[in-house]
Amino acid sequence: MLRTVLVLCGFQLLGESLAALLSVPVPGPVIGMCLLLVVLILRKRITPQFQQHCHAMFAYLPLILVPPSVGVLAHLELIGREWQPVSAVLVLTLLISFAVCALVYRISRERWQ
Amino acid sequence: MMLNWQAANEAIFSSPVFDIALTVACYQLGLWAYRRSGNKPFLLPVFIGFVLTALLVWLLDRPLAAYELGAGPIMVLLGPVTVALAVPLYENLHLMARLWWPLLLMLVITAVTVASSAVYIGFGLGGSDALVMSLAPKAATTPIAILIADSIGGYMGVAAVVVMLTGILGAMTGPGLLHKLGVQHHAALGFALGLSAHAVGTARAFEISRQCGAFAALGMSLMGFTLAVCLPLALG
């Protein structure tokens, strides 16, 4: 497990330093994820243990997301004031997303078979 | 012997593990409710956990800064777990082999229309900069969306809640809507669910079929990846 943690932290640090080095606004952990993906693709294999540990971590992902969500308490006034754009974006973009997916599916239908 | 109740009370609230215990307890309650309900999307453990934790923080009159400091050790894990998202993406990448053309087309068109319509509708209805930047990454999975929101000038908390609600709403309405719109193929149905409703949509897709779920997981990963790289460069 410690090796997995070290690898993940290493890639995150690499990502954060690359983002700073190139001064791009892409989040460091995301660049770390891209780098890890490239390494996995180039190696063409993944250590079963590493794979197992990552999935074990995903089981706790929802818990990790609770504290940042609680941060919304600081913005309740903003949401109350701008509830119209919030609810419209929430509902409309979801409908648009499904409609666009369906449209693309229809024009490329024979390719899916 | 004098019992100092006030000191005992203060010891609990000033303990470094108080906020961690509070968060884990609320999340566990959410997990319990979710399982008892037979996995209803609106009883998602993260959603119930968030609502209960926020409610308690508010009722206990605990300053948000104190809670965030206390729960910091949990939040730190967000980075390494985001890096680990490369693993499911790598595992599902082979699904692209035969279908790469329609998948890529659906990914790119959906990513562009959803992100730009979120920005246009948000600004169009008078949303402020910070609000719209919190809404723009809503099609990405939560860990990625809050990192994007933070890097383009939005609020992590607002993004987290909006993404959660998108997932719940999308998982509840998606399969029915997509079916009505003529999407029958399980690969396409799953991919569309993953693109539109990320993790909750993926969980729903796995209930439909294994193939549907695998393509949803691929869609969610690719959408998160695409938005994470493109949004900060386009809006940052």
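What you see is a predicted model, and the numbers here were worked out from it, not measured in a lab.

*Asks:* Help me get a handle on the side chain of Q12 of chain A, residues and values and all.
*Replies:* Position of Q12 of chain A relative to the elements: it lies in helix α1 (residues 2-21). In contact with Q12 of chain A, other than residues within four places in its own chain, are G28 and P29 of chain A together with G79, P80 and V83 of chain B.

*Asks:* Describe in detail the interface of chain B and chain A, supporting the description with residues and values.
*Replies:* At the interface, 93 residues of chain B touch 72 residues of chain A. Summing the contributions of chain B and of chain A, the shared interface buries around 7100 Å²; its carbon and sulfur component is 84%. Counting every contact that joins chain B to chain A gives 0 salt bridges. Counted by class, the side of chain B that touches chain A contains 65 nonpolar, 24 polar and 4 charged residues.

*Asks:* Before we move on, can you summarise the confidence of the model for chain A with the specific residues and values?
*Replies:* Per-residue confidence for chain A gives a mean pLDDT of 90, with 100% of residues at or over 70. No element of chain A has a lower mean pLDDT than helix α8 (residues 109-112) of chain A, at 80, and none a higher one than α1 of chain A, at 95.

*Asks:* With reference to specific residues and values, describe the packing of aromatic side chains.
*Replies:* Residues and elements named next belong to chain B. Under the counting rule described, the total for this entry stands at 2 aromatic pairs over all chains. Plain terms: the ring middles of F47 and F50 are 6.3 Å apart, the flat faces sit at 50 degrees to each other, and that makes the pair tilted. Of this pair, F47 and F50 are both found in helix α3 (residues 45-59), 3 residues apart, which corresponds to roughly one turn of the helix.

*Asks:* Explain the packing of helix α7 (residues 83-107) of chain A against helix α12 (residues 186-208) of chain B to me, and be specific about the residues and the numbers.
*Replies:* Taken N-terminus to C-terminus, the directions of α7 of chain A and α12 of chain B make an angle of 150 degrees; their axes are 10 Å apart at the nearest point. By the angle between their directions, the pair α7 of chain A and α12 of chain B is classed as roughly antiparallel. Between α7 of chain A and α12 of chain B lies a crossing whose hand is right-handed. Along the contact surface, α7 of chain A presents L94, S97, F98, C101 and Y105 of chain A, while α12 of chain B presents A188, A192, L193, L195 and S196 of chain B. Here the residues of the contact of α7 of chain A with α12 of chain B are counted per class, giving 8 nonpolar, 2 polar and no charged.

*Asks:* Would you mind going over the domain arrangement of chain A in detail, with residue names and values included?
*Replies:* Parsing chain A into structural domains produces domain 1 (1-64) and domain 2 (67-113). Just the C-alpha atoms count here: the centres of domain 1 of chain A and domain 2 of chain A sit 27 Å apart.

*Asks:* Explain helix α10 (residues 142-151) of chain B to me, and be specific about the residues and the numbers.
*Replies:* Of all 10 residues in α10 of chain B, 8 are buried, a share of seventy percent or more. Backbone geometry just after α10 of chain B places G153 of chain B at a positive phi near 95 degrees.

*Asks:* Go over the domain arrangement of chain B with me, naming the residues and quoting the values.
*Replies:* Residue and element names in this part refer to chain B. Annotation of chain B at the domain level lists domain 1 (5-76) and domain 2 (83-235). For domain 1 and domain 2, the distance between their C-alpha centres works out to 27 Å. Opposite the 7 residues of domain 1 that make contact, domain 2 presents 7 residues. Regarding the contact of domain 1 and domain 2, the summed buried area is about 660 Å², with carbon and sulfur atoms giving 90% of it. Taken together, the links from domain 1 to domain 2 amount to 0 salt bridges. Along the contact surface separating domain 1 from domain 2 lie 0 residue pairs in polar contact (both at pLDDT 80 or more). Along the lines of polarity and charge, the residues of the side of domain 1 that touches domain 2 split into 6 nonpolar, 1 polar and no charged.

*Asks:* Explain the nonpolar core to me, and be specific about the residues and the numbers.
*Replies:* What tends to happen in soluble globular proteins is that the nonpolar side chains get buried as a cluster. Within the largest apolar cluster, 116 residues are counted, with the highest numbers of intra-cluster contacts made by F191, L218 and L227 of chain B. Beyond its immediate stretch of four places on either side in the chain, F191 of chain B contacts L103, M106, L107, F215, A216, L218, G219 and L222 of chain B.

*Asks:* Kindly report on the pattern of salt bridges, identifying the contributing residues and their values.
*Replies:* Residues and elements named next belong to chain A. Scanning all chains against the criterion turns up 3 salt bridges over all chains. Here E77 and R81 are joined by a salt bridge, their closest N and O atoms 3.7 Å apart. Of this pair, E77 and R81 are both found in helix α6 (residues 76-81), 4 residues apart, which corresponds to roughly one turn of the helix. We note that E77, like R81, is exposed.

The rules behind the values
- Residues numbered from 1 in each chain as written.
- Chains lettered and ligands numbered in written order.
- Predicted model: local features only at pLDDT ≥ 70, side-chain atom pairs only at ≥ 80, totals over all residues.
- Heavy atoms only, no water.
- Helix = DSSP H or I, 4+ residues; strand = E, 2+ residues; numbered from the N terminus.
- Contact = heavy atoms within 4.5 Å.
- Buried area = accessible area lost by both parts, 1.4 Å probe.
- Salt bridge = Lys/Arg side-chain N within 4 Å of Asp/Glu carboxyl O.
- Nonpolar A, V, L, I, M, F, W, Y, C, P; charged D, E, K, R; others polar.
- pLDDT = per-residue confidence, 0-100.
- Phe/Tyr/Trp six-rings, centres within 6.5 Å; stacked < 30°, edge-to-face > 60°.
- Axes fitted to C-alpha atoms, helices over the stretch in contact; angles between N-to-C directions.
- Parallel < 35°, antiparallel > 145°, perpendicular 65-115°, else oblique.
- Left-handed = near helix turned anticlockwise from the far one by under 90°.
- Domains from an automatic or database assignment.
- Buried < 20%, exposed > 50% of the residue type's maximum accessible area, 1.4 Å probe, protein only.
- Polar contact = N/O pair within 3.5 Å; in protein donor to acceptor, adjacent residues only side chain to side chain.
- Core = buried A, V, L, I, M, F, W, Y, C linked by side-chain atoms within 4.5 Å.

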